[in-house]
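Structural features, examined
Now for the letters of each chain:
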Amino acid sequence: MLPFETIEEATIFLGRNLTVAETLWFNYSAKKSDYCLYCHNILFLFLIFSVVPVPLVFVEMMRSLGFDKYKIQPKVSLSLSDMFRCYKDVMRMFVLVVGPLQLVSYPSIKMIGIRTGLPLPSAWEILAQLGVYFMIEDYTNYWIHRFLHGKWGYEKIHRVHHEFTAPIGFAAPYAHWAEVLILGIPSFLGPAIVPGHIITFWLWIALRQIEAIETHSGYDFPWTPTRYIPFYGGADYHDYHHYVGGQSQSNFASVFTYCDYIYGTDKGYRYHKKVLRKLKEESRTNGAQNGGSYYVPTQDLKSE
Ligand SMILES: [Zn+2]
Ligand SMILES: [Zn+2]
């Protein structure tokens, strides 16, 4: 809730006229409580989990119309009912864990100092903070994920997320309830260290989920804009982690590739890509027609 009754009061407070974005924000948020604004996250998450993976369902259903060549594991096909079952499980988790967690975590948001007022942050400030949030999330997630691939962590918790050996968009948040809670920590850590405006926080939560859906899409599209982000892992990178499954010692990072490179946990993936490249070259030399990317049985390399 803003401490101003009118735009004139806000103008006096800022010592300048409000920008268009600030006027819109004033009109939208002036009479809403901070708790209400924070709870918008529930609606955004519900919409993102429900809507963003839908085009991928159509792609999966229409693979024969030219999308097949982008499928990372083309031998795997999922029916509409398989995908709907995944969505139903994710929604159950959303109602039982994610929603309630959002409702009760409001005091922590207040404590770390997420602000809702004016002035609004500049685009540069938002971009810089989002960049920091992604870096912190990626690093923390890397170590938690690596821990979850230990014997106890995998069998008790992380095994659920790996039920999909060929992931789909809806499977991005498909996990044990304990994993949903534990992986909330890396997402929260960035805003806790570098607190910003609630709009930046909304954007962060939304972009992180959209990134996870893309990473689990099962398709490596050449036109995806994320290809231009330096050190970005993407769908092919994380798909390999699911393909190997519980034994995987490769590709633990959630967003970027540098942690796996630094700590030597991308060896299996790099070896796998080398084998694929060689096979493709051989098939080209033999004049065989290859429909696109494909996976071959290969053993993940132990990193240590
Ligand atoms: Zn894993
Ligand atoms: Zn995954």
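Each value, and the rule that gives it
Numbers given for residues are sequential positions, taken from 1 along each chain in its written order. In the order they appear in the text, chains get letters beginning with A and ligands get numbers beginning with 1. Under the rules for a predicted model, residues below a pLDDT of 70 receive no local features and side-chain atom pairs below 80 are neither given nor counted, while totals for whole chains, interfaces and linings still include all residues. Helix and strand assignments follow DSSP, with helices taken as H or I runs no shorter than four residues and strands as E runs no shorter than two, numbered in order from the N terminus. The burial criterion counts other C-beta atoms lying within 10 Å of a residue's C-beta, which is placed from the backbone; the residue is buried at 20 or more, exposed at 12 or fewer, and partly exposed between these limits. Domain delimitation follows an automatic or database domain assignment. Contacts are defined on C-beta atoms placed from the backbone: any two residues whose C-beta positions lie within 7 Å are in contact. Three classes are used, and their members are as follows: Ala, Val, Leu, Ile, Met, Phe, Trp, Tyr, Cys and Pro are nonpolar, Asp, Glu, Lys and Arg are charged, and the others, Gly among them, are polar. A set of buried residues qualifies as a nonpolar core if it consists of Ala, Val, Leu, Ile, Met, Phe, Trp, Tyr and Cys joined through C-beta atoms within 7 Å. UniProt positions are given in the numbering used here, feature names are shortened, and annotations may be inferred rather than shown by experiment. Note on method: axes are straight lines fitted to C-alpha atoms, helices fitted across the in-contact stretch only, with angles between N-to-C directions ranging 0 to 180 degrees. Each crossing gets its handedness from the near helix: less than a right angle anticlockwise from the far helix is left-handed, clockwise is right-handed. Our angle categories are set so that under 35 degrees counts as roughly parallel, over 145 as roughly antiparallel, 65 to 115 as roughly perpendicular, and the remainder as oblique.

Secondary structure summary: the chain contains 14 helices and zero strands in total. When the helices and strands of the chain are placed in sequence order, the string is α-α-α-α-α-α-α-α-α-α-α-α-α-α. Across its three principal directions, the C-alpha atoms of the chain cover 75 × 40 × 40 Å. Put simply, the chain has 304 residues, and 33% of those count as buried.

Turning to the domain arrangement of the chain, a few remarks are in order. As far as domains go, the chain holds domain 1 (1-32) and domain 2 (33-285). Tallying the contact residues gives eleven residues for domain 1 and nine residues for domain 2. Contributing elements (two or more residues each) for the side of domain 1 that touches domain 2: α1 (7-14) and α2 (20-29). Broken down by element, the residue count for the side of domain 1 that touches domain 2 peaks at five residues, all from α2. Residue classes in the side of domain 1 that touches domain 2 are distributed as eight nonpolar, one polar and two charged.

Before going further, it helps to spend a moment on the nonpolar core. Counting residues in each nonpolar core, the largest one holds 25 residues, and the members touching the most others are C86, V90, I168, F170, A171 and Y174. Among the elements of the structure, α3 (34-51), α4 (54-61), α5 (80-104) and α11 (198-215) are those that each provide at least two residues to this core. Among the elements that make up this core, the one with the highest residue count is α5 (six residues). For Y174, the residues in contact, after removing those within four places along its chain, are C86, D89, V90, H161 and F164. Formed by 15 residues, the second largest nonpolar core is a distinct cluster that contains Y38, I114, Y142 and F201.

Turning to the UniProt feature "domain: Fatty acid hydroxylase" (unreviewed entry) in the chain, a few remarks are in order. The UniProt entry lists residues 132-265 under the feature "domain: Fatty acid hydroxylase" (unreviewed entry), expressed in the numbering used here. Along residues 132-265, the helical share is 54% and the strand share 0%, with 23 Å between the first and last C-alpha atoms.

Running from N to C, helix α7 (residues 123-148) and helix α10 (residues 184-193) point in directions that differ by 145 degrees, and their axes come no closer than 8 Å. Crossing hand, α7 versus α10: right-handed. Between α7 and α10, the contacting residues are V132, Y133, I136, E137, T140, N141 and I144 on the first element and I185, P186, S187, L189, G190, P191 and I193 on the second. Tallied by class, the residues present in the contact of α7 with α10 amount to nine nonpolar, four polar and one charged.

Residues L118 and P119 are joined by a peptide bond in cis, for which omega reads 5 degrees. Tracing the chain through its elements places P119 in the loop between α6 (106-112) and α7. A positive phi angle, close to 65 degrees, is found at F231, a residue other than glycine. Following the sequence through the fold, F231 ends up in the loop between α11 and α12 (234-244). A positive phi is found at N251, a non-glycine position, where the angle reads about 55 degrees. Of the residues examined, N251 has 28 C-beta atoms within 10 Å and is grouped as buried.

Right, let's get into the environment of Q102. Mapped onto the fold, Q102 is located in helix α5. Those residues in contact with Q102 that sit more than four places away from it in its chain are C39, N41 and I42.

Turning our attention to α10. All buried positions along α10 are accounted for by P186, F188, G190 and P191. Buried positions along α10 lie against α6, α7 and α11.

A separate point is the packing of α3 against α5. At a minimum axis distance of 9 Å, the contact between α3 and α5 shows a crossing angle of 160 degrees. Considered as vectors, α3 and α5 are oriented roughly antiparallel to each other. In the crossing of α3 with α5, the sense of the turn from one axis to the other is right-handed. On the side of α3, the interface is formed by C39, N41, I42, L45, F46 and F49, while α5 contributes V90, F94, V98, G99, Q102 and L103.

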